[in-house]
Amino acid sequence: DWTLLAYADPTSAPIGSANFSVQDFVPRTLDVTLETNAKTFPATGTLAVNLSGRYLYGAPATELHGEGWVKIITDTTPLPGLNDYTFGLCTQTLEENEQKLSVDNTDSQGHTTLFVTPDMPVGQTHPLRALIPAAPMEPTGRPVSQTLSLPLARPQPLLGITTHDTGPAGAARA
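A brief look at the structure comes next. (Residues numbered from 1 in each chain as written. Predicted model: local features only at pLDDT ≥ 70, side-chain atom pairs only at ≥ 80, totals over all residues. Heavy atoms only, no water.)

### Considering the packing of aromatic side chains
- In the structure shown here, the tally under the stated rule is two aromatic pairs.
- For the pair Tyr 55 and Tyr 57, a centre-to-centre distance of 5.4 Å together with 10° between the ring planes defines the contact as stacked.
- Residue classification places Tyr 55 among the buried positions, given a relative accessible area of 14%. (Phe/Tyr/Trp six-rings, centres within 6.5 Å; stacked < 30°, edge-to-face > 60°. Buried < 20%, exposed > 50% of the residue type's maximum accessible area, 1.4 Å probe, protein only.)

Next up, the structure:
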């Protein structure tokens with residue numbers, strides 16, 4: 001550990017200090033991608049997500065184990081161009097929890113498939129999004145993570161509300 005002392009006058013007491021440590025830096029060695037053909041996460045059923053890994057020098061990242069999760073969150077901007085709208089009941093909240101995924105070792109081409117079937121929240125009026133972070137482990141044991149984000153397919157239409165301030169009096173219009 002090192003200590004840095006700051007002096008306004010070298011003959012006076014320090015005016016501040018900071019402690020820090022210098023450690024070895026080992027750059028990452030993997031390039032990781034997560035992909036799926038789906039544009040939305042299905043409301044029911046399983047989503048197949050392809051994880052691919054390659055070493056930065058070009059070889060496939062073979063026989064690496066990994067870890068993954070899925071988390072269902074509220075999608076605050078579900079529709080492009082409607083960022084000032086609010087969707088869903090304002091009294092409703094979503095309990096966000098991460099669910100661990102089973103991630104098989106990568107094959108001889110550096111690929112594996114994650115089959116994602118999260119516990120879906122029931123009765124939500126808010127638009128939802130699935131976050132799927134997954135990370136194969138470098139041979140050193142360090143995870144190299146990527147995250148896939150998909151909106152959840154909705155069985156019913158969304159209802160959005162916005163307010164605009166108009167006029168010099170700033171009267172609200174819904």
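### A word on the sheet that holds strand 3 (residues 30-35)
- Pairing is antiparallel in the open sheet, where three strands are placed in the order 3-4-8. Edge positions in the sheet fall to strand 3 and strand 8 (111-116), since each has one partner strand and no second. Adjacent strand axes in the sheet meet at a mean angle of 20° when their direction is disregarded.
- With six bridges joining them, strand 4 (residues 47-55) and strand 8 adopt antiparallel strand pairing. If you follow Ser 52 over to strand 8, its bridge partner there is His 111. (Pairing = 2+ DSSP bridges. Helix = DSSP H or I, 4+ residues; strand = E, 2+ residues; numbered from the N terminus. Axes fitted to C-alpha atoms, helices over the stretch in contact; angles between N-to-C directions.)

### Let's talk about the pairing of strand 5 (residues 66-74)
- Of the pairings in the sheet, the one linking strand 5 to strand 9 (residues 128-136) comprises seven bridges and is antiparallel in character. Paired with Gly 66 across the strands is Pro 136, a residue of strand 9.
- Both strand 5 and strand 7 (residues 98-101) contribute to a ladder of four bridges, which runs antiparallel. In the strand pairing of strand 7, Trp 69 is matched with Lys 100.

### As for the environment of Glu 67
- Among the secondary structure elements, Glu 67 is positioned in strand 5.
- Given a relative accessible area of 21%, Glu 67 falls into the partly exposed group.
- Residues Glu 67 and Ala 134, spaced 67 residues apart in sequence, show a C-alpha to C-alpha distance of 5.7 Å.

### A word on the pattern of salt bridges
- Per the stated rule, a full pass over the model turns up four salt bridges.
- Measuring nitrogen to oxygen at the nearest pair gives 3.9 Å for the salt bridge that ties Arg 28 to Asp 31.
- With a shortest N-O distance of 3.0 Å, Glu 138 and Arg 142 are connected by a salt bridge.
- Classification of Glu 138 as buried rests on a relative accessible area of 3%. (Salt bridge = Lys/Arg side-chain N within 4 Å of Asp/Glu carboxyl O.)

### Let's talk about the sheet that holds strand 9
- One open sheet accounts for four strands, arranged 7-5-9-10; its pairing is antiparallel. Strands with a single pairing partner mark the edges of an open sheet, and in this sheet they are strand 7 and strand 10 (146-151). Averaged over all pairs of adjacent strands, the angle between their axes in this sheet comes to 20°, without regard to strand direction.
- The sheet contact formed by strand 9 and strand 10 spans six bridges and is antiparallel. Bridge assignment links Arg 129 to a residue of strand 10, and that residue is Pro 151.

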